[in-house]
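This is what each chain is made of:
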Amino acid sequence: MKTASARKKGSATLLIVLLLFLSCAGIIWVKLAVERVPRKKIPGASIIYIPSGKYLKYATFGYSSLVADLVYLWAIQYYTTYTIVDRFQNLEHIFSIIAELDPRYTDPYEIGALIAVNEAKDLKLAFKILDMGLAKNPDQWIFPFEAGHYAQRARDYETARKYYEKTMRIPGAPDIAKRLYAAAGFRVMDLKESWETWLEIYNTTQDKRAKKIAGKHLYQVKATSDTNLLKEAVRQFGEKYQRLPAALEDLVRAGLISSLPRDLDGKDYIYYPKTGEIKAPSVWWKR
Amino acid sequence: MKIQTIALNTFKEAIRDRILYLLFFFAAAALAFSRLLAVLAVGDRVKIIKDVGLASISIFGVLMAILIGTGLVYKEIDKKTIYTLLSKPIQRWQFLLGKFFGLVLTLFIMTLAMGLIFLVIVLLHTGKLEGRMLLAILFIFIELVLITAVSILFSCFSTPILSSIFSLSFYLIGHLSWGLETLIQKTRSGAARMALRGVSAILPDLENFNFKTEIVHGLAIDPRFYFFSALYGLVYTLFILALAVLIFKKRDFV
Amino acid sequence: MAAVLEIDNLYKAFKVGFIPKKREILKGVSLSVAAGEIFGYLGPNGAGKTTTLKCVLGLIFPDRGKVAIFGHPPLAAKARENLGYLPENPYFYDYLTAAEFLDFYAQLFGLRKKDKEEKIATLLRLVGMEKARDLQLRKFSRGMLQRVGLAQALINDPALLFLDEPLGGLDPLGRKDLRDIIVRLKQEGKTIFLCSHILQDIEMICDRVAIIVGGRVISQGALQSLISEKVLFTEVTLSGIDPADLVDLGEPVSTLGDRILLKVFQEDNIGNLMALVHERRGRIHSLVPRTETLEDIFVEMVRQG
C-alpha cells in the first residue's frame, strides 16, 4: 500500500523516465530527418578558406603529414558528395594544400588528377597537378606516365609524347613508357625520332614480346615513311605529266625518286594506278 | 642510490595515476581507429595507419609527460609530503632527479606499450614487422624526456594548470622552428636578424626529433642527423634540469 | 653539556602579495636545547613556531642568524642523519601501505634489508600500528597518520626529534599513548623538541620551555622556574548555607539547587568558611586549591606581548 507521498515520488520518477524516452526518440528522429536533406556543404568545408598550405604547415606543429592525410581523406569525401555542385572550384587549391603539407605523398596527386580529368573535365588542371607531383618528387615516374595517358586519351599526342619522354628518363620507369613514347611520336608524324626509338627498343630489349611489338612498329613507321615518299612522288609526277604513273617504276624513270623503297620484309609496295593509292603489302599489326 | 629510491617511488605513484590509464586508453583507441580511417583512403592505406599511429604516440606521450610531470613536484609541496622527505639526509637535487627519472621510466614503459600495439597493427595490415618505425618512436621518446624535464622545471614554482600551459607552449614553440627560419630569411641583415638568430639558437627546436614523415615515406636519413639530434636532446635536457635544480635549491617551503 | 640544538638570532621576512610587501615573521629568535631533555616550544597562532622549525630543518632559509644541530649547519648530512621530524597535520603518500611507507624512508637512510624489516616491525609495534601494516595510508584516520608519522620520524633512531603539534586531533587515549611514548624516548636518551599549544600536555612532560610571541622568544627556562607553587584561589563546593552569608568570604561562581561553588581568594577565609559551615550545619562537598598553571602564565605573557 503506497502512501500518497510515495505515490507522488513514484509518478515523478515515471515522468522523468518518460521525458528521457521521448527526448531520445526525438533526437534520433531529428537526426534522420536532417540526413535526408541533401547537403550543400559537408563538415570541414572551411578547409577551402585556408589561404595557403605553406602557412598551414606551421600550424601543424610537426604533424604535417598527418594533417595532409586528414585533408586528403576529407577531400575524397568532399569530391564524392555529388550534391555539392560547385565542388570543383577548389580542386587545385585543396590538392595544392595537401602537396605543401606532405609533398612526398603520392596518392593525392594521382587522385587529384583523376578527379580533374574524369569529373571536372579539366585536363589542364590534371596536368598541373601531376607536374606539381613530379616537381616535388623527381623520382616518381608515375606522374608523367599518367599525364601521358590522359593526354593520349584526349588525342593530344604531342603532349602525350612530351610526358612519355619525361617518364622514360626517370630511372626505374617501365619499358612500356619508351614504347608509348615511340608510338606517340609516330602519331605526331615525327617519323625519324619514332623510328630511332623503336629501333633502340628492338635492339636493346630482352623481352621477346616487346621485341615483336617493336618489330611491328618499325614496319609501320617504315611503311608510312615510304608510302608518304611514294605518295609525294606520285603527286609530283601528276603535276609534271598531268597523269598518274602506270607503275611505281615510272617514278624512278622520271627521276623523282632514286630507287623504289621496299617494306621491312623486302616486299614491294602495292600501287593502284587508277586511284593513285599506295598501300603497304602487309598490315603492320598482323605481321 | 637515493635518487633510485625516489625514482622508484615516483614510478609507483605515476603508474597508479588514473590520468595515465585514461591517456593510454585513448592512445590505443586512436591506434585502432587508424585502421578504420584507412578504409576511407584511396590508394596507400598503410601510410594513413602509420601517420595516425606515430602521431598518437607522440600526442598522448606529450600529454602524459605534461599532465603528470607538472603535478609531480607541486603535489609534494602542496600536500606537504615534501617536508618529511627533505628533512632526511637527501639533497634537494637528488630529490628532483629522482622525480625526473621516475617519470622517464613510466613514460618509457608507456611508449614501449603503445609502440608495440602500433607495430602489431602495422604488422596485421602489411604482414611485415617494420623495425624502422621503432627509430621514429625512439626519437619521439627523446622528445618526451625533454618535455618531462620542462614540466618538472615549471612544477617547481608554479601550479599544475599554469605549468601545463607553459609546458605546452614550450612544445608548440619548439615545433614552430620552421616559421622562425622563414622569418629570419625574410628579415634584412642587421641587428634584428642577429637577434632573431640568437633567439632561434636558444629556443628549443623540437623538430630535430621529428622523423615521422621521413620514416613513413621510407626516405634515407643521414646517420649523423640521428646522432646530433640525440645529443641535442641530451644537452637541452641537462640544461633544463640544471635550471630546475637551481630554482629548487633556494626555494622556501612556506 | 653541549647544546644539541642552538638557534642564534634568527630573522625571517616573507614577501607577500603581487606587489611584494615584506612581512616579518621571525624578529630575532634565540634558544638552545640541551641533550636528553624534552623542550617545549609554545606560542599563539602565527607567532612563528612552525617557521622557526622549518628554518632549523632547512626547509626555509633565514635572512639572518645561525642554526646549529649537533654543531653542524641544518643542511649537513651529519645533522640530518641524527634527526627525526613529524610535521603538523601529516600527510603522506596515500597510495603506499604503512609498511611500504616506512620502507621507503628506511631506504633513504641506506638501511640494509634485514635491519630495515626489523626496524619497521619494531616501530609499528611501538606506535601501535602493527595491525594496519598492510593498509593503504589513504584509509588511515588522523590519529593513525599521526602515529605512523611518529614511526617515520624514528626510522633512523635519531638523537634529536622534532614534533610539531603531535597531540593535535588525537582522542584522550591517543594523547596519553603518545605522551607515554615521548617520555619513554626521553628515557632512552633522546632529546625532544615539541611545538604545541596544548598547554596541559606541555606541563605534564616538558623539562624546559620557550615562549614565542610576535616573532620573538619572550621567555625561556625550566618549567618549574616559570610556574610558582603559589595558590591562586581555592574552589569550594558547599551546601546548606545562605548565599548572603558568603559574600565576605568568597566569590560565588555558580549555584545548582542547594549547592554553591565558591572561589575563595584569601587563605584565612578558608578557615572562616569551614567554621561557618560547621556552625550552620551545612556540608562541604569539595575543596580544591588552584595553583598557577602554564596557561595562566601563557595568557598573561601573550597579553603583555
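A. Region of interest: the overall build of chain C. Scanning chain C from terminus to terminus reveals ten helices and 13 strands. Relative to the globule expectation of 19 Å for 305 residues, the C-alpha radius of gyration of chain C, 24 Å, shows a markedly less compact shape. The C-alpha extent of chain C, read off along each of the three principal axes, is 75 × 50 × 45 Å. Here the analysis covers contacts within chain C between residues at least 6 apart in sequence; of these, 68% occur between residues at least 24 apart.

B. Quick look at the overall build of chain A. Check the secondary structure of chain A and you find twelve helices and two strands. Taken against the 2.2 N^0.38 rule, which gives 19 Å for 287 residues, the C-alpha radius of gyration of chain A at 33 Å runs more than 25% over that of a compact globule. For chain A, the C-alpha atoms occupy an extent of roughly 130 × 45 × 35 Å along the three principal directions. For chain A, the share of sequence-separated contacts (at least 6 apart) that also reach a separation of at least 24 residues comes to 51%.

C. Looking closely at the packing of helix α7 (residues 142-153) of chain A against helix α8 (residues 157-169) of chain A. Residues and elements named next belong to chain A. Viewed as axis vectors pointing N to C, α7 and α8 meet at an angle of 165 degrees, and their least axial separation amounts to 8 Å. Classed by the angle they form, the pair α7 and α8 counts as roughly antiparallel. Crossing of α7 over α8 shows left-handed handedness. Residues P144, F145, A147, G148, A151 and Q152 of α7 form the contact with α8, whose participating residues are Y157, T159, A160, Y163, Y164, K166 and T167. Classifying every residue of the contact of α7 with α8 by side-chain character gives eight nonpolar, four polar and one charged.

D. Region of interest: the domain arrangement of chain C. All names here are of chain C. We note that the domain assignment places domain 1 (3-223) and domain 2 (231-304) within chain C. On a C-alpha basis, the centres of domain 1 and domain 2 stand 41 Å from each other. Breaking the side of domain 1 that touches domain 2 down by element, the ones donating at least two residues are α7 (199-205), β8 (208-213) and β9 (216-222). In terms of residues, the side of domain 1 that touches domain 2 owes the most to one element, α7, which gives three residues.

E. Up close: the interface of chain A and chain B. Taken together, the 17 residues of chain A in the interface contact 23 residues of chain B. Within the residue set of the side of chain A that touches chain B, elements represented by two or more residues are α2 (53-58), α3 (64-79) and α5 (106-118) of chain A. In terms of residues, the side of chain A that touches chain B owes the most to one element, α3(A), which gives six residues. When its residues are assigned to classes, the side of chain A that touches chain B shows eight nonpolar, three polar and six charged.

F. Focus on the environment of A:P281. The topology assignment puts A:P281 in the segment after β2 (277-279). Those residues in contact with A:P281 that lie beyond four places of it in its chain are A:D263, A:K267, A:D268, A:Y269 and A:I270.

G. Seen up close, helix α6 (residues 132-155) of chain B. Over its 24 residues, α6(B) runs 35 Å from end to end, which matches the ideal 34 Å to within 8%, given 1.5 Å per residue. Counted residue by residue, α6(B) has 20 buried out of 24 residues, so it is predominantly covered.

H. Fine view of the arrangement of the chains. If you rank the two pairs of chains in contact by how many contacts each has, first place goes to chains B and C. No part of chain A reaches chain C; the closest C-alpha pair between them is 35 Å apart.

I. A look at the sheet that holds strand β6 (residues 160-164) of chain C. Residues and elements named next belong to chain C. Judged by pairing direction, the sheet is mixed, and its six strands sit side by side in the order β5-β6-β7-β3-β8-β9 without closing on themselves. Both outer strands of the open sheet, β5 (83-86) and β9, are each paired with one neighbouring strand and no more. Adjacent strand axes in the sheet meet at a mean angle of 15 degrees, parallel and antiparallel pairs treated alike. Here strand β3 (residues 38-42) pairs with β8 via four bridges, running parallel. Note that in β8 the partner of Y41 across the bridge is A210. With respect to the sheet, helix α5 (residues 142-153) is in contact with β5 and β6, its orientation differing from that of β5 by roughly 165 degrees.

J. Quick look at the domain arrangement of chain A. Entries for chain A in the domain assignment read domain 1 (44-137) and domain 2 (189-287). For domain 1 of chain A versus domain 2 of chain A, the separation of C-alpha centres amounts to 49 Å.

K. Region of interest: the sheet that holds strand β11 (residues 251-256) of chain C. Residues and elements named next belong to chain C. Read across the sheet, four strands follow the order β11-β12-β10-β13 without closing on themselves; strand pairing throughout is antiparallel. Strands with a single pairing partner mark the edges of an open sheet, and in this sheet they are β11 and β13 (283-291). Neighbour-to-neighbour, the strand axes of this sheet turn through a mean angle of 15 degrees, independent of strand direction.

L. The interface of chain B and chain C, seen in detail. On the side of chain C, 24 residues touch chain B, which itself brings 20 residues to the contact. Split by residue class, the side of chain B that touches chain C holds seven nonpolar, five polar and eight charged.

M. Expanded view of the pairing of β3(C). Residue and element names in this part refer to chain C. Most of β3 is tucked away, with five of its five residues classed as buried. Burial of β3 is two-sided: the residues I38, G40 and L42 facing one way and the residues F39 and Y41 facing the other way are all buried. Relative to strand β7 (residues 191-196), β3 runs parallel, the two being bridged by five bridges. Bridged to F39 within β7 is F193.

N. Main features of the nonpolar core. Counting 194 residues, the largest nonpolar core has A:V71, A:I98 and C:F193 as its most contacted members. It is α6(B) that contributes the most residues to this core, 16 residues altogether. One finds C:L238, C:I260, C:L262 and C:V264 within the second-largest nonpolar core, a separate group that totals eight residues.

O. Looking closely at unusual backbone geometry. Non-glycine residue A:K121 carries a positive phi angle of around 55 degrees. On the secondary structure map, A:K121 appears in the loop between α5 and α6 (123-136). Taking the number of C-beta atoms within 10 Å as the measure of exposure, A:K121 has 10 and is therefore exposed. You will see that C:F70, though not glycine, has its phi angle at about 55 degrees, which is positive. Here C:F70 is to be found in the loop between β4 (64-69) and α2 (77-80).

P. Region of the structure containing the environment of A:I97. Assignment of secondary structure puts A:I97 in helix α4 (residues 91-101). Taking the C-alpha atoms as reference points, A:I97 and A:A183, 86 residues apart in sequence, are found 36 Å from one another.

Q. Structural detail: the environment of B:L20. All names here are of chain B. Along the polypeptide, L20 turns up in helix α2 (residues 18-39). Residues L20 and T106, 86 residues apart in the sequence, show an inter-C-alpha distance of 9.3 Å. Discounting residues that sit within four places of it in the chain, L20 has contacts with A14, I15, M64, I68 and M110.

R. How the structure looks around helix α1 (residues 49-57) of chain C. Residue and element names in this part refer to chain C. In terms of residue burial, α1 counts as a mostly covered element, since nine of its nine residues are buried. Buried within α1 we find K49, T50, T51, T52, L53, K54, C55, V56 and L57. Note on α1: the residue one or two positions beyond its end, G58, has a positive phi of about 80 degrees.

S. View of the pairing of β13(C). Residues and elements named next belong to chain C. Of all nine residues in β13, zero are buried; the element is thus mostly exposed. Alignment of strand β10 (residues 231-239) against β13, held across eight bridges, turns out to be antiparallel. Among the inter-strand pairings, V236 is bridged to a residue of β13, identified as L287.

Calculation rules
- Every chain begins its residue count from 1, and numbering advances along the sequence as written.
- As a convention, the first chain written is A and the first ligand written is 1, with the rest following in written order.
- Confidence filtering applies because this is a predicted model: local features only for residues at pLDDT of at least 70, side-chain atom pairs given and counted only at 80 or more, and all residues used for totals across whole chains, interfaces and linings.
- Numbering goes from the N terminus for both helices and strands, where a helix is a DSSP run of H or I of at least four residues and a strand is a run of E of at least two.
- Radius of gyration: over C-alpha atoms. The globule rule applied is 2.2 Å multiplied by the number of residues raised to the 0.38 power.
- Once C-beta atoms have been placed from the backbone, residue pairs whose C-beta atoms lie within 7 Å are recorded as contacts.
- Only the stretch in contact is used when a helix axis is fitted, and all axes are lines through C-alpha atoms; the angle between N-to-C directions ranges over 0 to 180 degrees.
- By definition in this entry, angles of less than 35 degrees are roughly parallel, angles greater than 145 are roughly antiparallel, angles of 65 to 115 are roughly perpendicular, and the rest are oblique.
- For a crossing to be left-handed, the near helix must be turned anticlockwise from the far one by less than a right angle; the clockwise case is right-handed.
- Each residue gets one of three labels, nonpolar for Ala, Val, Leu, Ile, Met, Phe, Trp, Tyr, Cys and Pro, charged for Asp, Glu, Lys and Arg, and polar for the others, Gly among them.
- Source of the domain bounds: an automatic or database domain assignment.
- Take the number of residues in a helix, subtract one, and multiply by 1.5 Å to get its expected span.
- Residue burial here comes from a neighbour count, namely the number of other C-beta atoms, placed from the backbone, that lie within 10 Å of the residue's own C-beta, with 20 or more meaning buried, 12 or fewer meaning exposed, and in between meaning partly exposed.
- We call two strands paired when DSSP finds no fewer than two bridges between them.
- Any set of buried Ala, Val, Leu, Ile, Met, Phe, Trp, Tyr and Cys residues joined through C-beta atoms within 7 Å is what this text calls a nonpolar core.

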